[in-house]
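Reading the structure
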Amino acid sequence: MSDDGERAISIIAFIGSVFSPWYRWSGRQRPQDHCCINVALYGRGGRWTMTDRGESALRLAPERIEVGPSHMAWEDGTLVIRIDERTVPHMDRLRGEVRVIPSGITNVELPLTPDGAHVWRPFAPTSRVEVSMNRPGWTWSGHGYFDANFGLRALEADFSYWTWARMPLGRGTAAFYDAERRDGSHLEAAVQFDPDGTATLFQAPPRAQIRRSLWAVRRETRADPGVQPRQVKAMLDAPFYTRSAVSTVIDGEETVGVHEALDLDRFASRWLKPMLAVKVPRRARWRFSD
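Please read all numbers here as calculations on a predicted model, not as lab measurements.

Examining the pattern of salt bridges
Once their charged atoms are close, side chains differing in charge can pair, the charge on each being opposite to the other. According to the stated counting rule, one finds 30 salt bridges in the structure shown. The residue Arg153 makes a salt bridge to Asp115 at a minimum N-O spacing of 2.8 Å. Taken as a pair, Arg153 in the loop between β12 (139-151) and α2 (155-158) and Asp115 in the loop between β10 (110-111) and β11 (118-133) lie far apart in primary sequence, 38 residues in all. The exposure class of Asp115 is exposed, given its relative accessible area of 53%. Each of Asp178, Glu180, Glu188, Arg207, Arg218, Glu220 and Arg222 takes part in one network of salt bridges that share partners.

And the structure:
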C-alpha cells in the first residue's frame, strides 16, 4: 500500500494456480503446468493480469522464480519483482519493477490443518516497497508484506471459508488467520511480528463484522471490543473472494491494513469456472529466448 493510501498492488506467484479454472478442469495433476504471476493494481489507473501458463514457462532456482516474461528474485536481501504481462480486459502491456525490502525475515510456519496439508509461511510481515510501473502515477513507495501458502489438496476440499488480515502497528505487524474447516473445526491464529521478524502468538481480539462486499461475500475481522471495522478502500471484489483496505483498532491502536475473505463454497460451484476463464486466459506454450 502507498504511504498516502491512494494506491496498492498485489502480486502472487502460483505454481498450481489454485484459482485458475484451467487448473481445476485439468484435474490438478500437474501444478507446474498451471503457473502464473498475478498482478493487480488498485487505485487510479489500476489494471489486472493473471495468465495461466504451461510448464515450458516455468524456471526455478533457489532464489529465483520465472514465469514466462516475469520473474521474482532475491538480490542482496531485497525481493525484486520484474513484471511484463498483458492485462485483462484492457489488453495493455503492463511492465515495471517492485522492490520488497524486509525489515526482518521470520522462521515461522503455521499448519492450517491438523495434518499439515496446508501451511502458511509469513516470510516478511513488515517491509518497505518501492513500485515503478509503466502507468501514470504508478511510481510510489509504501509498506508491504510477503508470505507464501503451500497445499497438498484443493482449498475447497479442506475449507469452506476463511479470512486473513495483515495490520501494521507501531510495534511491527499483527496478522490474523481464521478459517472454517470442512471437518467442523476452526483455525484461529493471531501473530504479532516485531520489525526484526520475531513472532509471538497472542490472544486475538473478538471477531467483528464488516459490511458484505458488492457480491455479498461475508466479511469479518478482529477488533477491540465495541469497535466496528470498516472498509476504507475497495480492491478485489469477486463472487467468492474479496480484498480491501480495512480500518480497525487492535489493542487500542487504530490501523489500516489489508483484509481478505474467501468463500470456498461459492468457489466450488461449477457455474463460477466459466466466469473465471474470462479473467484468467490460458497460454499453454512459451519459449525463453536464452
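Next, the rest of the story.
Looking at helix α4 (residues 272-279)
Of all the residues in α4, the buried ones are Leu272, Lys273, Leu276 and Ala277. One side of α4 holds all its buried residues, which, seen down the axis, span an arc of 140°. The inward-facing, buried residues of α4 abut α1 (21-25) and α3 (264-267).

A look at the side chain of Arg181
Here Arg181 is to be found in strand β14 (residues 172-181). For the buried Arg181, no salt bridge is present, and the opposite-charge side chain at shortest range is Asp183, 5.2 Å distant. At a separation of 2.9 Å, a polar atom in the side chain of Arg181 contacts the main-chain carbonyl oxygen of Leu112. A distance of 3.4 Å separates a polar atom in the side chain of Arg181 from the backbone oxygen of His186. Excluding its chain neighbours within four sequence positions, the residues that come into contact with Arg181 are Leu112, Thr113, Pro114, Asp158, Phe159, His186 and Leu187.

Description of a nonpolar patch on the surface
Taken together, the side chains of Leu214, Trp215, Trp271 and Met275 make up a nonpolar region of the molecular surface, amounting to roughly 500 Å² of accessible area. With respect to the helices, strands and loops of the structure, Trp271 is situated in the loop between α3 and α4. In this structure Trp271 comes out as partly exposed when scored by relative accessible area, which is 49%.

Quick look at the nonpolar core
Ranked by internal contacts, the top residues of the largest apolar core, which has 39 residues, are Phe19, Leu112, Trp120, Trp162, Tyr177, Phe240 and Leu262. Those residues in contact with Tyr177 that lie beyond four places of it in its chain are Leu112, Trp120, Asn149, Trp162, Thr163, Trp164, Leu187, Glu188 and Ala189.

Parameters at a glance
Residues numbered from 1 in each chain as written. Predicted model: local features only at pLDDT ≥ 70, side-chain atom pairs only at ≥ 80, totals over all residues. Heavy atoms only, no water. Salt bridge = Lys/Arg side-chain N within 4 Å of Asp/Glu carboxyl O. Helix = DSSP H or I, 4+ residues; strand = E, 2+ residues; numbered from the N terminus. Buried < 20%, exposed > 50% of the residue type's maximum accessible area, 1.4 Å probe, protein only. Arc of directions from axis to C-beta. Contact = heavy atoms within 4.5 Å. Lys, Arg positive; Asp, Glu negative; His and termini not counted. Polar contact = N/O pair within 3.5 Å; in protein donor to acceptor, adjacent residues only side chain to side chain. Patch = residues over 30% accessible without salt bridge, like charges linked within 9 Å, V, L, I, M, F, W, Y side chains within 5 Å. Areas by Shrake-Rupley, 256 points an atom, 1.4 Å probe, with all protein chains shown as cover. Core = buried A, V, L, I, M, F, W, Y, C linked by side-chain atoms within 4.5 Å.

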